[in-house]
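# Observations on the three-dimensional arrangement
Below, each chain spelled out in residue letters.
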Amino acid sequence: MVDKVLDIFQKNYAPDLIDCIWGNDAQLYAEDFFVTDRMYNKYNNHILKNLQHIQGKNIVSIGSHTGWLEVLALLSGANSVVCIEPRKKFTDGIQKFAKNNSLSISAICNFHNHLFDIGRKFDTVFAFNSIGHSLDWMTYVGKLHTVAKHLVFVKGVWKDLPNNSIRLEQHNDSNIWGGLRTQQATALNFHLGQGFFELLCKCFGYKIVQHWEDVAKQPNQYYVVDLQADLNKTTHA
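Residues numbered from 1 in each chain as written. Predicted model: local features only at pLDDT ≥ 70, side-chain atom pairs only at ≥ 80, totals over all residues. Heavy atoms only, no water.

### Points about the overall build of the chain
Scanning the chain from N- to C-terminus turns up seven helices and nine strands. Counting across all 237 residues of the chain, residues that qualify as buried make up 48%. Of the contacts made within the chain by residues no fewer than 6 positions apart, 67% connect residues no fewer than 24 positions apart. For the chain, the exposed area adds up to about 11,900 Å²; of that, 48% sits on carbon and sulfur atoms. (Helix = DSSP H or I, 4+ residues; strand = E, 2+ residues; numbered from the N terminus. Buried < 20%, exposed > 50% of the residue type's maximum accessible area, 1.4 Å probe, protein only. Contact = heavy atoms within 4.5 Å. Areas by Shrake-Rupley, 256 points an atom, 1.4 Å probe, with all protein chains shown as cover.)

Rendered as structure tokens:
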């Protein structure tokens, strides 16, 4: 597992990112950090396979968590990255990290719909298992063509569901938003059956230009979507 970008990230950036996000409590982790096989797998699927939509591009990432994949996107040649993330601990840490390292990455503490209030357009939207936790996510996908050219979408597809179907799971989990809004947050997650996302893209006039599956017990499906394929479709939201 030798990769120049990962090597640079591990040696030069990861310790400071960990410190900015987690503080002194994570000092030992920062000192001993190394890229795991799981991280490499994510890097391969999220970054390496999407370089044509990353290099030289302005990217917005929805639900960026700690921002490590977004930093890897910058190190892989992205022009800039904007992170939208609802947990202030993470956005404050990303902002501090960006300032420390003079990197063109910024973070906004807000929910996914804030994308349409930023007032600028992007080349690529990252949505890595992040927008399927909201009741309006399908409408949200239908509006993405107004702010970006391409979407890199990652979502688990459940093969035990009927084709072209969708199932909503709801449960309470106080850790979902880290207490951002209330002590107890309601967690929503949409499970997709085979073919559902493809059908959704067809309805919106989008074109799936890449699609692959990660090998796992409950595999993720990866989609690269041309959001500008047919702006004259009357089915656009």
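We are not done yet, so read on.
### Comments concerning the pattern of salt bridges
Counted under the stated rule, the structure contains four salt bridges. Put simply, Lys 149 and Asp 123 hold a salt bridge, and the shortest N to O gap is 3.5 Å. Of the two residues, Lys 149 is situated in strand β5 (residues 148-156) and Asp 123 in strand β4 (residues 122-128); the sequence distance between them amounts to 26 residues. When its relative accessible area of 15% is taken as the criterion, Asp 123 is described as buried. (Salt bridge = Lys/Arg side-chain N within 4 Å of Asp/Glu carboxyl O.)

### Let's talk about the packing of helix α1 (residues 4-22) against helix α5 (residues 88-101)
For the pair α1 and α5, interaxial distance at closest approach is 8 Å and the crossing angle is 140 degrees. Between α1 and α5, the crossing angle belongs to the class labelled oblique. Crossing of α1 over α5 shows right-handed handedness. Taking contact as the criterion, the partners of Asn 12, Tyr 13, Asp 16, Leu 17, Cys 20, Ile 21 and Trp 22 in α1 are, on α5, Lys 89, Phe 90, Gly 93, Ile 94, Lys 96, Phe 97, Asn 100 and Asn 101. In terms of residue class, the contact of α1 with α5 is made up of eight nonpolar, four polar and three charged. (Axes fitted to C-alpha atoms, helices over the stretch in contact; angles between N-to-C directions. Parallel < 35°, antiparallel > 145°, perpendicular 65-115°, else oblique. Left-handed = near helix turned anticlockwise from the far one by under 90°. Nonpolar A, V, L, I, M, F, W, Y, C, P; charged D, E, K, R; others polar.)

### Re the environment of Leu 135
When you line up the elements, Leu 135 lands in the loop between β4 and α6 (137-143). Here the alpha-carbon distance between Leu 135 and Asn 189, two residues 54 residues apart in the chain, equals 8.7 Å.

### Focus on the pairing of strand β3 (residues 105-109)
In the sheet, strand β2 (residues 80-85) pairs with β3 via five bridges, with the strands oriented parallel. Opposite Glu 85, over in β3, you have Cys 109 as the bridge partner. In this fold, the crossover linking β2 to β3 by way of α5 has right-handed handedness. (Pairing = 2+ DSSP bridges. Right-handed = clockwise from strand over helix to strand, strands pointing away.)

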